[in-house]
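Architecture at a glance
Residues per chain are reported as follows:
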Number of protein chains: 2
Amino acid sequence: MDSFGDIIRKLREDKELPLRTVAAFLDIDQAILSKIERGQRNPSRGQVVKLAEYFKVKENDLLVAWLSDKLVYEVEDEDMALRALQVAEEKVKYIAKNKKK
Amino acid sequence: MDSFGDIIRKLREDKELPLRTVAAFLDIDQAILSKIERGQRNPSRGQVVKLAEYFKVKENDLLVAWLSDKLVYEVEDEDMALRALQVAEEKVKYIAKNKKK
DNA sequence: TTTATATTTGACAGATTGTGTCAAAATATA
DNA sequence: TATATTTTGACACAATCTGTCAAATATAAA
């Protein structure tokens, strides 16, 4: 069950690239990338998109990993976490359905 | 598919109370409560708990409505919304399982 | 219509959180 | 040792959050 940080750390280490290089591509300090990889900072949506481009992986897959991390963070210390996620799913389906019309 | 705001607006209107009265109990300006009821502001967790107490409804039910609203807000204009919610569910289950040990 | 009450709106202020830089400390590698 | 890499924390600035307030709007009563 990899978090977003785990995923991009693996991608980077597989290519044996230093933080410095990837961070330069993202146009941020390597300190931030280090923190992103260890889940101490939340990347911006734009950074996620850039990372997908950089590592040539599906943008949507990375976006799902990133978004789901944010959702988990939002509910993580709530007893009602699972119920809330399930209700949110219903609400999203409901909204999507009524948008089509 | 009622949002948190819809729920508390109904509770308040059923009892024919003005915003002023409920807002005073929450110790905030009525303007904020008005915005909360129409989904323009996000209440704090503490306010949700107070509202459950005030209207004598199950705290957890209100918390679920509130939390799920926040989750929907977080993903609402993402194509990957549903996938992200589903992955988040798996992650939450995974975390809960490994916490027990 | 007027008058009174309730709700909504938007400008504003202060507190909090987010986003990034930087340099020093810690860790790993040669 | 030296050298490269990663991690940490202090800091600054920007952005968002949380609430107040007063004016505008809507609703209801006389």
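The structure under discussion appears in the preceding block.
For the structure given in this document, a descriptive report is provided here. Along each chain, the written sequence defines residue order, and numbers are assigned to residues from 1. Think of it this way: whatever chain is written first is A, whatever ligand is written first is 1, and the rest follow in order. Totals for whole chains, interfaces and linings use every residue, but because this is a predicted model, local features are given only for residues with pLDDT of at least 70 and side-chain atom pairs only at 80 or more, for both listing and counting. Side-chain calculation: all heavy atoms of the structure are included, whereas hydrogens and water are not.

So, helix 3 (residues 30–37) of chain A
All names here are of chain A. Categorising residues by exposure relies on relative accessible area from a 1.4 Å probe, with only protein chains included: less than 20% of the type maximum marks a residue as buried, more than 50% marks it as exposed, and the intermediate range marks it as partly exposed. In this text, helices come from DSSP runs of H or I with a minimum length of four residues, and strands from runs of E with a minimum of two, each type numbered from the N-terminal end. Within the span of helix 3, buried status applies to Leu-33, Ser-34, Ile-36 and Glu-37. Angularly, the buried residues of helix 3 cover 160° about the axis, an arc narrow enough to put them on a single face. For the purposes of these results, a polar contact is taken to be a pair of N or O atoms within 3.5 Å, where, inside protein, one atom must be able to donate a hydrogen and its partner to accept one; residues adjacent in sequence count only when each atom of the pair is a side-chain atom. The backbone nitrogen of Ala-31 lies 2.8 Å from a side-chain oxygen of the residue at the head of helix 3, namely Asp-29. Trailing helix 3 by a residue or two, Gly-39 shows a phi angle of about 75°, which is positive. An arc is given here, and it is the one of the directions from the helix axis to the C-beta atoms.

Some thoughts on the relation of the copies chain A and chain B
Copies are brought into register by a least-squares superposition over C-alpha atoms of residues with pLDDT of at least 70 in both. Superposition of chain A onto chain B requires a rotation of 180° combined with a translation of 0.0 Å along the rotation axis, giving an RMSD of 0.0 Å. Such a combination of turn and shift is consistent with a two-fold rotation axis. The contact definition used throughout considers only heavy atoms, calling two residues in contact when any of these lie within 4.5 Å. When the interface residues of chain A are mapped onto chain B, 100% of them again lie at the interface, so the same face is used by both copies.

Structural notes on the protein's contact with DNA strand D
Neighbouring residues of DNA strand D: 18 residues in total, closest Leu-19, Arg-20, Gln-30 and Arg-38 of chain A together with Asp-29 of chain B. Within the contact set of DNA strand D, a phosphate oxygen lies 2.6 Å away from a backbone nitrogen or oxygen of Leu-19 of chain A. Here Arg-38 of chain A contributes a side-chain N or O atom positioned 2.7 Å from a phosphate oxygen of DNA strand D. Looking at the surface near DNA strand D, the elements with two or more residues in it are helix 1 (4–14), helix 2 (19–26) and helix 3 of chain A together with helix 3 (30–37) of chain B. Ranked by the residues each element gives to the surface near DNA strand D, the list is headed by helix 3 of chain A, at four residues. For the surface near DNA strand D, the residue count by class is six nonpolar, five polar and seven charged. We call a residue near a molecule or strand as soon as one heavy atom of that residue lies within 4 Å of the molecule or strand. Put simply, Ala, Val, Leu, Ile, Met, Phe, Trp, Tyr, Cys and Pro go in the nonpolar bin, Asp, Glu, Lys and Arg in the charged bin, and everything else, Gly too, in the polar bin.

Structural notes on the packing of aromatic side chains
Residues and elements named next belong to chain A. Only Phe, Tyr and Trp rings are paired, with Trp represented by its six-membered ring, and only when their centres lie within 6.5 Å; those with planes under 30 degrees apart are stacked, over 60 edge-to-face, the remainder tilted. Here the structure, examined in full by the defined rule, presents four aromatic pairs over all chains. Judged by centre distance (4.7 Å) and plane angle (50°), the rings of Phe-25 and Tyr-54 are tilted. One end of the pair, Phe-25, is in helix 2; the other, Tyr-54, is in helix 4 (residues 45–55), and 29 residues separate them in sequence. For Phe-25, a relative accessible area of 32% puts it in the partly exposed group. Ring geometry for Tyr-54 and Phe-55: centres 5.1 Å apart, planes at 90°, overall edge-to-face.

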